Amino acid sequence: MMAGVVGSSQCYQSVLLRRGSGLSRVLMRGFSTHADKPKADSSKSRLADHQREVMKRGLPRRSKIPNVSNVIVVASGKGGVGKSTTAVNLALALAEVDNCGVGLLDMDVFGPSVPRMMNLNASPEIDQNQKMVPLSNYGIQCMSMGFLVEEKAAVVWRGPMVMSAVQRLLLHTAWGPDLKYLVLDMPPGTGDTQLSISQLIDVTGAIIVSTPQDIALLDACRGAEMFSKVHIPVLGLIENMSVFCCPKCGHQEHIFGQQGVQRMAEELGVDLLGEVPLDLSIREGADCGRPIVISECSSPQARSYFNIAAKVSQKVADLKTK
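Residues numbered from 1 in each chain as written. Predicted model: local features only at pLDDT ≥ 70, side-chain atom pairs only at ≥ 80, totals over all residues. Heavy atoms only, no water.

The chain is annotated in an unreviewed UniProt entry as Iron-sulfur cluster transfer protein NUBPL of Scylla paramamosain. Here is the UniProt Subcellular location (unreviewed entry) comment for the chain, exactly as written: "Mitochondrion". UniProt's Sequence similarities (unreviewed entry) comment on the chain is quoted here verbatim: "Belongs to the Mrp/NBP35 ATP-binding proteins family." (UniProt positions renumbered as here; feature names shortened; annotations may be inferred.)

Below is the structure:
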């Protein structure tokens with residue numbers, strides 16, 4: 001496993017993924033290692049020429065991920081709104097609601113959460129086509145940068161290194177057979193990872209997660225606008241941590257505000273897919289690797305995810321008929 005990586009080309013070349021040399025070759029192949037070579041001005045000039053050539057040709061053709069019917073990105077403009085917890089429970093709920101194959105891809109290179117939430121801690125194998133084989137638990141397939149590094153290791157990479165890792169996670173993972181959904185747990189923000197995904201692969205639709213708090217809503221709105229600009233339909237919004245219900249007296253408190261996501265959905269002209277409460281059991285399930293839709297599948301908290309999954313399934317079906 002990788003104990004830590006810093007952003008210089010010499011360190012790139014010295015990285016060892018001790019979980020498997022074959023996996024190291026698959027992940028590291030194609031990473032740029034010429035950044036520290038002499039004649040920097042000449043390199044910059046060549047890079048500028050290459051960028052102009054790419055712009056002349058237009059954006060690259062989006063690829064379809066083999067064995068995957070629909071790609072759904074779960075995104076947020078701001079970190080800390082429960083996006084990863086939502087993505088994990090949504091993936092599991094989709095598998096149950098549609099009785100189908102589902103994959104979960106953790107796109108957060110710097111802060112992967114899927115290994116802990118899905119109770120997975122191993123290294124993916126490499127198949128005969130030099131692709132990484134996803135790990136599986138609770139009936140769904142999972143891939144994450146967290147399978148390739150130590151859980152507490154800091155990945156300190158520059159942009160080109162991150163983009164190469166993103167591309168290989170997307171296109172060099174052996175999904176299947178016949179996944180109806182691949183759920184992408186996106187990093188927060190509207191940066192290079194989001195743009196690269198929108199250009200590299202066919203995305204069926206995006207789901208935006210936000211709390212009702214005004215500050216979170218501002219960033220969520222930016223996220224929705226970004227997907228609109230890259231021509232990815234927004235399937236809807238999810239209001240997370242919508243209300244806290246006291247377990248002793250039953251009193252409900254809207255800690256982060258009330259109906260903020262509903263108002264934003266109306267302004268954007270998209271649907272509110274559902275509301276998920278702020279609840280201790282959801283947090284505990286995520287921390288211990290037993291998501292709420294698995295550990296307490298009949299609870300009201302789990303039902304909120306199943307209801308959202310049913311709406312997402314219908315949204316995808318409607319898109320296919322247009």
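K.L.:
Would you mind showing me how to read helix 7 (residues 192-200) here?
P.N.:
Helical periodicity: at 3.6 residues per turn, an α-helix aligns residues three or four positions apart in one direction. Within helix 7, burial applies to Thr193, Gln194, Ser196, Ile197, Ser198 and Leu200. Where helix 7 is buried, its residues meet helix 6 (159-171), strand 5 (179-185) and helix 8 (214-229). (Buried < 20%, exposed > 50% of the residue type's maximum accessible area, 1.4 Å probe, protein only. Helix = DSSP H or I, 4+ residues; strand = E, 2+ residues; numbered from the N terminus. Contact = heavy atoms within 4.5 Å.)

K.L.:
How should I be thinking about the nonpolar core in this particular structure?
P.N.:
Within soluble globular proteins, side chains that are nonpolar generally end up buried alongside one another. Ranked by size, the top nonpolar core spans 87 residues in total, and within it Leu184 and Val312 carry the most contacts. Per-element tally for this core: the top contributor is helix 4 (residues 83-98), with eight residues. (Core = buried A, V, L, I, M, F, W, Y, C linked by side-chain atoms within 4.5 Å.)

K.L.:
Before we go on, may I ask you to explain the confidence of the model for the chain in this structure?
P.N.:
Predicted coordinates in regions of low pLDDT should not be interpreted in detail. Within the chain, residue pLDDT values average 83, and 81% of them lie at 70 or more. Ranking the elements of the chain by mean pLDDT puts helix 1 (residues 9-14) last with 39 and helix 4 first with 97. Note on residues 30-39: pLDDT is under 50 here. Beyond four places in sequence and across chains, it has 13 contacts. (pLDDT = per-residue confidence, 0-100.)

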